[in-house]
Amino acid sequence: MGNLKGQVAVVTGSAMGIGAEIAAELARQGAIVAITDINPDSAEKTISDIKKNGGAASAFFHDVKDPKSSISVVGAVEASLGPISILVNNAGVSKRVPVLEMDEAEWDRVMDINLKGTFFMIKAVLPFMIERSYGRVINLSSVVGKKGYPDFSHYCASKFGVLGLSQSLAAEVAKSGVTVNSVCPGIVMTPLHDKIVEEMAKAEGISFETALKNFLSNVPQGRAQTPLDIARMVAFLAAKDAGAMTGGSYHVDGGMVMS
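Every value quoted in this text rests on a predicted model; they were computed, and no experiment measured them.

Cut-offs used in this document
Residues numbered from 1 in each chain as written. Predicted model: local features only at pLDDT ≥ 70, side-chain atom pairs only at ≥ 80, totals over all residues. Heavy atoms only, no water. Buried < 20%, exposed > 50% of the residue type's maximum accessible area, 1.4 Å probe, protein only. Helix = DSSP H or I, 4+ residues; strand = E, 2+ residues; numbered from the N terminus. Pairing = 2+ DSSP bridges. Right-handed = clockwise from strand over helix to strand, strands pointing away. Disulfide = S-S within 2.5 Å. Core = buried A, V, L, I, M, F, W, Y, C linked by side-chain atoms within 4.5 Å. Contact = heavy atoms within 4.5 Å. Phe/Tyr/Trp six-rings, centres within 6.5 Å; stacked < 30°, edge-to-face > 60°. Salt bridge = Lys/Arg side-chain N within 4 Å of Asp/Glu carboxyl O.

> Which residues make up the pairing of strand β6 (residues 178–185), and what values go with them?
Along β6, eight of the eight residues are buried, which leaves the element largely enclosed by surrounding structure. Side chains Val178, Val180, Ser182 and Cys184 of β6 all project onto a buried face; the interleaved residues Thr179, Asn181, Val183 and Pro185 project onto the opposite face, where all are buried too. Pairing geometry for strand β5 (residues 135–140) and β6, over six bridges, is parallel. Note on β6: the bridge partner recorded for glycine 135 is valine 178. In this fold, the crossover linking β5 to β6 by way of helix α5 (residues 153–172) has right-handed handedness. Both β6 and strand β7 (residues 249–252) contribute to a ladder of four bridges, which runs parallel. Pairing of proline 185 across the sheet is with valine 252, part of β7.

Structure (structure tokens):
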């Protein structure tokens, strides 16, 4: 379609999983994609696939927990690929841990990556977007950013925080030409969610298949979402045609959250 032709997009934590599909979809739409990850070598297949389809992508080392790393990767991307007009904060982690079994280190790990990492990258990119009077910031939250789930308090808190950050920032920069939106995936079967289902199965003493069936029973459509489902929403919000949409949170969840 080419809606993003020539625009430079940064997708954090995109060497694999949802992030890799977001990178691939943005490239299909014509964007020049920077795949940033703490393990950029694992993005080789994604980059190869993008290039086979005529797209452009490069991988960069980036540790979202480190504000200096965010500043460094933004400088490297701008020097190598050009002005960044699209930022997708995708990097995230999760783990099933009841509150009374959770230590401070695990709480901090999830907050540092999911919420502080989003903040650090916004701080690094936003001045350039404001200076150019154009930008698209898309933050990955979750359905658990809208509704709390037992045994995932730190993950829920981080994703609620992403929504608050996104809404506040959207209002703050509304007149600058920069939009800020959130995408809230439901159950997307990636290695991250596979691990969650495995943890649920172990905790409940049931098979992976039974745990997955129970997991999906929360989805009115009766199926998991695919990484492409999420990527298409991100690409839509990244387009110039979405310029009047800011401060929103858009569910791609098969009907799990309907408000």
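> Residues and numbers for the state of the cysteines, please.
Enumeration over the complete set of coordinates arrives at zero disulfides. Free of any disulfide, cysteine 156 has its nearest cysteine sulfur in cysteine 184, 12 Å distant. In this structure cysteine 156 comes out as buried when scored by relative accessible area, which is 6%. In this structure cysteine 184 comes out as buried when scored by relative accessible area, which is 0%.

> Describe the nonpolar core, and please don't skip the residues or the numbers.
Ranked by size, the top nonpolar core spans 31 residues in total, and within it Ile22, Leu26, Val33, Ile35, Val88 and Val183 carry the most contacts. Going through the elements one at a time, β1 (8–12), α1 (17–28), β2 (32–37), α2 (44–52), β4 (84–89), β5 and α8 (227–238) are the ones with two or more residues in this core. Sequence-distant contacts of valine 88, defined by excluding residues within four places in its chain, comprise Val10, Val11, Thr12, Ile22, Leu26, Ile138, Leu140 and Val234.

> Help me get a handle on the environment of valine 234, residues and values and all.
Note that valine 234 resides in helix α8. Accessibility expressed as a relative area gives 0% for valine 234, which makes it buried. Between the C-alpha atoms of valine 234 and valine 188, which are 46 residues apart in sequence, the distance is 15 Å. Those residues in contact with valine 234 that lie beyond four places of it in its chain are Ile22, Val88, Ile138, Leu140 and Val183.

> Please give an account of the packing of aromatic side chains that cites residues and values.
Across all of its chains, the model carries one aromatic pair by this definition. Arranged with centres 5.7 Å apart and planes meeting at 45 degrees, the rings of phenylalanine 119 and phenylalanine 120 form a pair that is tilted. Phenylalanine 120 gets classed as buried once you look at its relative accessible area, which sits at 14%.

> Pulling in residues and values, what's your account of the pattern of salt bridges?
A pair can form between side chains of opposite charge whenever their charged atoms are brought close. Tallied over the full model, the rule gives eight salt bridges. A salt bridge links arginine 28 to glutamate 25; the shortest N-O distance between them is 2.8 Å. On the criterion of helical spacing, the pair formed by arginine 28 and glutamate 25 is a turn pair, its members being three residues apart in helix α1. In this structure arginine 28 comes out as partly exposed when scored by relative accessible area, which is 39%. Its relative accessible area of 8% is what places glutamate 25 among the buried residues. Note that glutamate 106 is salt-bridged to arginine 109, the shortest N-O span being 3.0 Å. Here glutamate 106 and its partner arginine 109 are both found in helix α4 (residues 104–132), three residues apart, which amounts to about one turn of the helix. With relative accessibility at 11%, the residue glutamate 106 sits in the buried group.

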